[in-house]
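Each chain, letter by letter, is given below.
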Amino acid sequence: RPPIAMPAQGPIVCSCFQVGRDRIAETVRCERIADVVALGRRLQCGTNCGSCLPELREIIAHERHLAAE
C-alpha cells in the first residue's frame, strides 16, 4: 500500500507524542489556543514528561503576538 499523506509537521517539539513545530503553530493560529493546557488537550503535546512546555509557551506567545499585529 502507498503511504498515507501526512501534513508536514516541522521539527519535532514534543518527542513523547511526535508533534512538530509547524503543526503546533498552525493549531494555535487556527484554533486560537491560549495556553499549554488547551494545546495539550488538542494535540497531547506537553502532557507527558513536560520537557517541551517552555518551547510550547514560546510558540503560543509568538503566534499570539503575530495575530495581534
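The written sequence of each chain sets the order in which its residues are numbered from 1. Residue-level local features of this predicted model are given only where pLDDT is at least 70; pairs of side-chain atoms are given and counted only at 80 or more, and the full residue set underlies all totals for whole chains, interfaces and linings. Think of the side-chain values as coming from all heavy atoms in the structure, minus any hydrogens and water.

A. Summary view of the packing of helix 1 (residues 21–31) against helix 3 (residues 53–68). A fitted line through C-alpha atoms serves as each axis, taken over the contacting stretch for helices, and the angle formed by two N-to-C directions is quoted from 0 to 180°. Per the convention used, a helix needs a DSSP run of H or I reaching at least four residues, while a strand needs a run of E reaching at least two, with both numbered from the N terminus. In contact at an axis separation of 9 Å, helix 1 and helix 3 are set at 45 degrees when each is read in the N-to-C sense. As the angle between them shows, helix 1 and helix 3 are arranged oblique. Pair helix 1 / helix 3 crosses with right-handed handedness. For the pair helix 1 and helix 3, the contacting residues are R21, I24, A25, V28 and R29 in the first and E55, L56, I59, I60 and E63 in the second. Counted by class, the contact of helix 1 with helix 3 contains six nonpolar, no polar and four charged residues. For classification purposes, an angle smaller than 35 degrees is called roughly parallel, one larger than 145 roughly antiparallel, one from 65 to 115 roughly perpendicular, and anything else oblique. Left-handed is the label given to a crossing in which the near helix is rotated counterclockwise from the far helix by less than a right angle, and right-handed is the label when the rotation is clockwise. Throughout, a residue-residue contact means that at least one pair of heavy atoms, one from each residue, lies within 4.5 Å. Throughout this entry, Asp, Glu, Lys and Arg are counted as charged residues, while Ala, Val, Leu, Ile, Met, Phe, Trp, Tyr, Cys and Pro are counted as nonpolar. The remaining residues, Gly among them, count as polar.

B. Representation of helix 1. Relative accessibility thresholds used throughout: buried, under 20% of the residue-type maximum; exposed, over 50%; partly exposed, between the two (1.4 Å probe, protein chains only). Looking only at helix 1, the buried set comprises I24, A25, T27 and V28. One face of helix 1 carries all of its buried residues, which in axial projection span an arc of 160 degrees. Tucked inside the fold, the buried residues of helix 1 contact strand 1 (12–14), strand 2 (19–20), helix 2 (36–43) and helix 3. Here the arc refers to the set of directions running from the helix axis out to each C-beta atom.

C. Broad picture of the pattern of salt bridges. By definition here, a salt bridge exists when the distance from a side-chain nitrogen of Lys or Arg to a carboxyl oxygen of Asp or Glu is within 4 Å. Evaluation of the coordinates by the stated rule reveals three salt bridges. Between R29 and E63 there is a salt bridge, with its nearest N and O atoms 3.0 Å apart. With R29 in helix 1 and E63 in helix 3, this pair connects stretches of sequence that are 34 residues apart. Note on R29: relative accessible area 47%, which makes it partly exposed. Residues E31 and R42 are paired through a salt bridge, measuring 2.9 Å at the closest nitrogen-oxygen approach. Residue E31 is located in helix 1, and its partner R42 is located in helix 2; the two are separated by 11 residues in the primary sequence. For R42, a relative accessible area of 42% gives the class partly exposed.

D. Focus on empty space enclosed by the protein. Lining residues are those with an atom within 4 Å of a point, where the points come from a 1 Å grid over the protein atoms alone and group into cavities, where a 1.4 Å probe fits but cannot get out, or pockets, open sets with protein on both sides within 12 Å along at least five of seven lines. Grid points are joined across faces, edges and corners, and a volume is the space filled by probe spheres set on the points. In this structure the tally under the stated criterion is one cavity of 30 Å³ or more. Of the voids in this model, the largest cavity is the one considered here, and its volume is about 40 Å³. What lines the largest cavity is V13, C14, S15, C16, G46, T47, N48, C49, G50, S51 and C52. For the lining of the largest cavity, the per-class residue count stands at five nonpolar, six polar and no charged.

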